[in-house]
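Residue-level listing of the chains:
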Amino acid sequence: MTKRTISFVLALIILTLASLSSCDDKKNTDEIDTLLTHVFAETEIKLDDTDDVIIHGYIGADDSGAYFLGNTVFTESGISSVFIKANDGKNEYIHVAADNDFSGNITAAQRFDGGFAYTGNGTYLDTDTRDFYLTLAFDNGQVKTVHHIDKLFSQNMQYISNLALDSDGAVYISCKNEVVILSPDLEKEISLTLPYEVNELCAGDGRVYALARNERKEYSLYLVDRTTQALGEPFYTNTTPTSINGAKTLPIDDGSCFVWDEHCVYTYNRAKNTYETMFNFANSGIAGTPSEIHPLADGKFILSYNDLGKTRWGLFEPTDDIDISDRTVIRIATLGADFQIAARVQRFNRTHPECYMIYRDYSTYNTAEAPDAGDKRMYIDISSGSYKPDIICGNIMNQTFVKLIPTFANLDGFMERDSELTKDSLIGCIRRSYSVNSKLYALPDSCTISTSFAKSDIYDGLPDGRSVFTQEEFLSMLENLPSGVRYSASNIPANAQYLMGSAGYAAFVNNNKFDKTTFMRFLDHIITMPDKPLYNVSYEQYQNSEILTAPVYLSTLADFAVPRIYFGDSDIAVAGAPVTDISCNGVEINPYDAAYAIFDSCDNPELAWEYIRAIYLDEETSGLPRTDAELERMRANAANKHLVAYESGYARFVDELPIALPMAGYESWVELEMTDADWAWIEEILDNSGMPLHTYKQNRDINSLICEEVSEYLSDARGCSVSELADICENRVKVYLSERE
């Protein structure tokens, strides 16, 4: 078959796949209705966000507001539980469950008309006696408590997991599959046993229901009937077409309940055995499933959900449908719509009522047999024009992302017009890593660095004082290692390709040509490598230059102290991957989640830019600083803290010394001083790291096919020479590249 014929057949295949991608596909579609239905409007419930209070959850509401349970440093013995009323962002303390002679915690709590009910367990400090207790704390100051409630159960009790009150003031508590009913005076009346463990006790229509789930994850509700002292017949099982995540009773007479999945809340009508969609999360501006869902008597809900890393509480009430037919639609193509992406889309929709943003997640096409099917589908859809997104979201080392760079808009113009987010304000590694020919084409949501460090003398003898190896220089250094010295503790022949960076063996393909000569030199070195990695490595081996490089993952400024744990007081340098372009230092900058770019074909580029800039201006970074201003804020914050390094290879900034041990294995630590020279070193690494977008050579296909051949060679299955193996790899790479011309 001629090259022209192959190209023609490939064109037909692409066109066919493109037409298929435009067909109805329930697995992955961004088609939207022009009317958003089952919408609830949010009124944010603002809580004090200071560090001295940790909110554990909602416990009830009345006409004056919503109530929460939290922990705070409130007594001489330390942390105590506190009941809080939300009041315009300030926590109003209503009741403090404090006992200076008792160390414990609350396990279940509920607000009722006139006070709070809560259970807890803990130990009396003077007698070391364990106690499980139940308390009613009334608004008038009266308190009733019954101790040792574990003795009320017929089985061994570890803690009370659920609590509810009926309209008479009787108290219901549960442990495992047993429910105990106490009178309003906290005297035991009866205990009832369910066939399955109780997930929740729900107070509705003046009575209490127990929610249980069987081994098939089907929910049932049982009326816990205090009058008959028996369980009612179970009702509700999962007969909806969705996978139900939870349920709660409605405070109405017919015993109906709410059920919900990851998308909506439904009303289940017990009498009719029917389900009706009530509350659509996405249409109401919520990303994902709320972590807590609490129905109120007047058709409203109190919800908590994750809003870009922060817990947000809101009062939601039904509102009119929303017509979006006259809104500007912004589309995002993404490879993996994780929670962050969904949350950003919802935040943008909340704050930009003139438009509506949606995303298509191509990772849904991936399978175990074809893990990169989404990558390929995205490239076909976008390059053929069958799908025309405004924004792309992905990993810059992904080949689909790199191949689409020519279709991206140059972001320089947006930043020149932006008074806050300018190109000069970016940390140098971001400017370099997301540029082509000094023009910026993408921005990461945040960045991390996964690299190695070494003593600075590893670069002695390089021209012009360079601190980066070319591939040839790198191989020369490996070939001349003294006996007993290893470049790294973990590299063995089976994973030797990672000495070349994340690209692996694909690093030997330059300008679509396989560098056979350099590859053969690398093979000659692989043969000499030890078969097993080193275990139980000591820091002395790094400090004595027995092991030259140590891997370090940099996601916070404190992580820059980790190389000092390995190499002590030596001068330290980044040991990036060998490069073919010495303008790079071989250190790859990775987005924490994803990088964003705008397509040149976007009809509303300013709106698309508004979405991307909000990631920088409205969010705290999850990784290293992205702008000079963020670096200065982080440095100022660190100035008031202590830098602590653990022998286990971990560092962090702490507020006070001595410090509590975070986990086993971190017992030994030292405090390190951060000098101006240390900060200058960090800034130098952040400014000078990174490789321009077009230099990324990560190609999983090429790396895999060469790995396959090398693996067979190392196992003697090939029975060929290094030269013959290089010829085989070169031919396979040529075929691979020709099929994609």
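Treat the numbers as computed from the prediction; the structure is a model and nothing was measured.

## Here's the deal with the overall build of the chain
When helices and strands are counted, the chain shows 15 helices and 42 strands. Long-range contacts, defined here as pairs at least 24 residues apart, represent 59% of the contacts in the chain between residues at least 6 apart.

## Description of the side chain of Glu 630
Inspection of the secondary structure assignment puts Glu 630 in helix α12 (residues 628-638). By relative accessible area, which is 4% here, Glu 630 ends up buried. Leaving out residues up to four positions away in the same chain, Glu 630 has contacts with Tyr 616, Glu 619, Thr 621 and Pro 625.

## Some words on the pairing of strand β8 (residues 115-124)
When you tally the buried positions in β8, you get 9 out of 10 residues, the bulk of the element. Alignment of β8 against strand β9 (residues 129-138), held across 10 bridges, turns out to be antiparallel. Bridge pairing in β9 links Gly 122 to Asp 131. As consecutive antiparallel partners, β8 and β9 are separated by 4 residues, and within that stretch Asp 128 has a phi angle of approximately 60°, a positive value.

## Considerations on the packing of helix α14 (residues 700-714) against helix α15 (residues 722-738)
Where α14 contacts α15, the two axes come as close as 10 Å, and the packing angle between them is 155°. Compared by their axis directions, α14 and α15 come out roughly antiparallel. You can see that α14 and α15 cross each other, and the crossing is right-handed. Taking contact as the criterion, the partners of Asp 701, Ile 702, Leu 705, Ile 706, Glu 708, Glu 709, Val 710 and Tyr 713 in α14 are, on α15, Val 722, Leu 725, Ile 728, Cys 729, Arg 732, Val 733, Tyr 736 and Leu 737. When grouped by side-chain class, the residues that make up the contact of α14 with α15 number 12 nonpolar, no polar and 4 charged.

## As for the packing of aromatic side chains
A full pass over the atoms with the stated rule returns 37 aromatic pairs. Where Tyr 542 meets Tyr 566, the ring centres are 5.0 Å apart and the plane angle is 80°; that geometry is what we call edge-to-face. A residue pair is termed long-range when its members are at least 10 positions apart, and Tyr 542 in helix α9 (residues 539-543) and Tyr 566 in helix α10 (residues 562-567) qualify at 24 residues. Of the two residues, Tyr 542 and Tyr 566, neither departs from the other in class, the shared state being buried. Taking the ring centre of Tyr 616 as reference, the NZ or CZ of Arg 626 above it sits at 4.3 Å.

## Some thoughts on the packing of helix α7 (residues 471-479) against helix α8 (residues 516-528)
Relative to each other, α7 and α8 sit at 20°, their axes nearing to 10 Å. The orientation of α7 with respect to α8, classified from their angle, is roughly parallel. When you trace α7 past α8, the crossing you get is left-handed. Between α7, through Gln 471, Glu 472, Leu 475, Ser 476, Leu 478 and Glu 479, and α8, the contact on the second element is made entirely by Thr 518, Arg 521, Phe 522 and His 525.

## Quick notes on the environment of Gly 568
Along the polypeptide, Gly 568 turns up in the loop between α10 and β37 (572-574). For Gly 568 and Tyr 542, which are 26 residues apart along the polypeptide, the C-alpha to C-alpha distance reads 8.9 Å. When sequence neighbours within four positions are dropped, the list of residues in contact with Gly 568 reads Gln 543 and Pro 563.

## Some points on the side chain of Glu 619
On the secondary structure map, Glu 619 appears in the loop between α11 (605-617) and α12. Classification of Glu 619 by relative accessible area gives buried; the value is 11%. Side chain to side chain, Glu 619 and Arg 344 meet in a polar contact 3.0 Å long. Setting aside its immediate chain neighbours within four residues, Glu 619 contacts Leu 308, Gln 340, Arg 344, Arg 347, Ala 614, Arg 626 and Glu 630.

## Things to note about the sheet that holds strand β17 (residues 219-225)
What the 4 strands build is an open sheet, ordered β15-β16-β17-β18; its pairing is antiparallel. Because the sheet does not close on itself, it has two edges, and the strands there are β15 (198-204) and β18 (230-231).

## Looking at helix α3 (residues 373-384)
Here α3 is 12 residues long and its end C-alpha atoms lie 16 Å apart, about the 16 Å a rise of 1.5 Å per residue gives. Phi for Gly 385, located one or two positions after α3, is positive at around 85°.

## Re the environment of Arg 350
As for its position among the elements, Arg 350 is in helix α2 (residues 339-351). Residues Arg 350 and Gly 285 lie 65 residues apart in sequence; the distance between their C-alpha atoms is 6.2 Å. Excluding residues that lie within four positions of it along the chain, Arg 350 makes contacts with Glu 42, Gly 285, Tyr 305, Asp 307 and Arg 312. Side-chain polar atoms of Arg 350 contact the backbone oxygen of Gly 285, separated by 2.7 Å.

## Considerations on the state of the cysteines
Under the counting rule described, the total for this entry stands at 0 disulfides. Lacking any disulfide linkage, Cys 729 is separated from the closest cysteine sulfur, that of Cys 720, by 8.6 Å.

## A closer look at the sheet that holds strand β11 (residues 162-165)
In space, the 4 strands of this open sheet follow the order β11-β12-β13-β14, with antiparallel pairing throughout. Strands with a single pairing partner mark the edges of an open sheet, and in this sheet they are β11 and β14 (188-193). For this sheet, the mean inter-axis angle between neighbouring strands, taken without regard to orientation, is 20°. For strand β13 (residues 178-182) and β14, the ladder comprises 5 bridges, and the chain directions are antiparallel. Of the residues in β14, the one forming a bridge with Val 179 is Leu 192.

## Here we look at α15
Between its first and last C-alpha atoms α15 spans 24 Å; for 17 residues at 1.5 Å apiece the expected length is 24 Å, and the two agree. Residues Val 722, Leu 725, Ala 726, Cys 729, Glu 730, Val 733, Tyr 736 and Leu 737 constitute the buried set of α15. Projected onto a plane normal to the axis of α15, the buried residues spread over an arc of 135° and lie on a single side.

## Quick look at the confidence of the model for the chain
Looking at the chain as a whole, its pLDDT mean stands at 84, while 88% of the residues score no less than 70. Contacts for the low-pLDDT stretch residues 1-29, under 50 throughout, to residues beyond four places or in other chains number 22 contacts. Ignoring residues within four places in sequence, the model shows residues 661-666, a span with pLDDT below 50, making 8 contacts including any to other chains.

## Focus: the nonpolar core
Phe 408, Leu 443, Ile 598, Trp 609, Tyr 611 and Leu 686 are the most contacted members of the largest nonpolar core, which totals 83 residues. With 7 residues, α11 is the single largest residue contributor to this core. Setting aside chain neighbours within four positions, we find Leu 443 in contact with Leu 411, Leu 421, Leu 426, Ile 430, Tyr 434, Ala 595, Tyr 596, Trp 609, Ile 612 and Tyr 616.

## Points about the pairing of β17
For β17, the tally of buried residues reaches 7 of 7 residues, placing the bulk of the element in the interior. Here β17 shows no split at all, with Tyr 219, Leu 221, Leu 223 and Asp 225 on one side and Ser 220, Tyr 222 and Val 224 on the other all buried. In this structure, strand β16 (residues 207-213) lies alongside β17, joined through 5 bridges in antiparallel fashion. Looking across to β17, one finds that Leu 211 is bridged to Leu 221. Hairpin connection between β16 and β17: a loop of 5 residues separates the two successive antiparallel strands, and Lys 217 in this loop has a positive phi of roughly 60°.

Parameters at a glance
Residues numbered from 1 in each chain as written. Predicted model: local features only at pLDDT ≥ 70, side-chain atom pairs only at ≥ 80, totals over all residues. Heavy atoms only, no water. Helix = DSSP H or I, 4+ residues; strand = E, 2+ residues; numbered from the N terminus. Contact = heavy atoms within 4.5 Å. Buried < 20%, exposed > 50% of the residue type's maximum accessible area, 1.4 Å probe, protein only. Pairing = 2+ DSSP bridges. Axes fitted to C-alpha atoms, helices over the stretch in contact; angles between N-to-C directions. Parallel < 35°, antiparallel > 145°, perpendicular 65-115°, else oblique. Left-handed = near helix turned anticlockwise from the far one by under 90°. Nonpolar A, V, L, I, M, F, W, Y, C, P; charged D, E, K, R; others polar. Phe/Tyr/Trp six-rings, centres within 6.5 Å; stacked < 30°, edge-to-face > 60°. Lys NZ or Arg CZ within 6 Å of the ring centre and 35° of its normal. Polar contact = N/O pair within 3.5 Å; in protein donor to acceptor, adjacent residues only side chain to side chain. Expected span 1.5 Å × (residues − 1). Disulfide = S-S within 2.5 Å. Arc of directions from axis to C-beta. pLDDT = per-residue confidence, 0-100. Core = buried A, V, L, I, M, F, W, Y, C linked by side-chain atoms within 4.5 Å.

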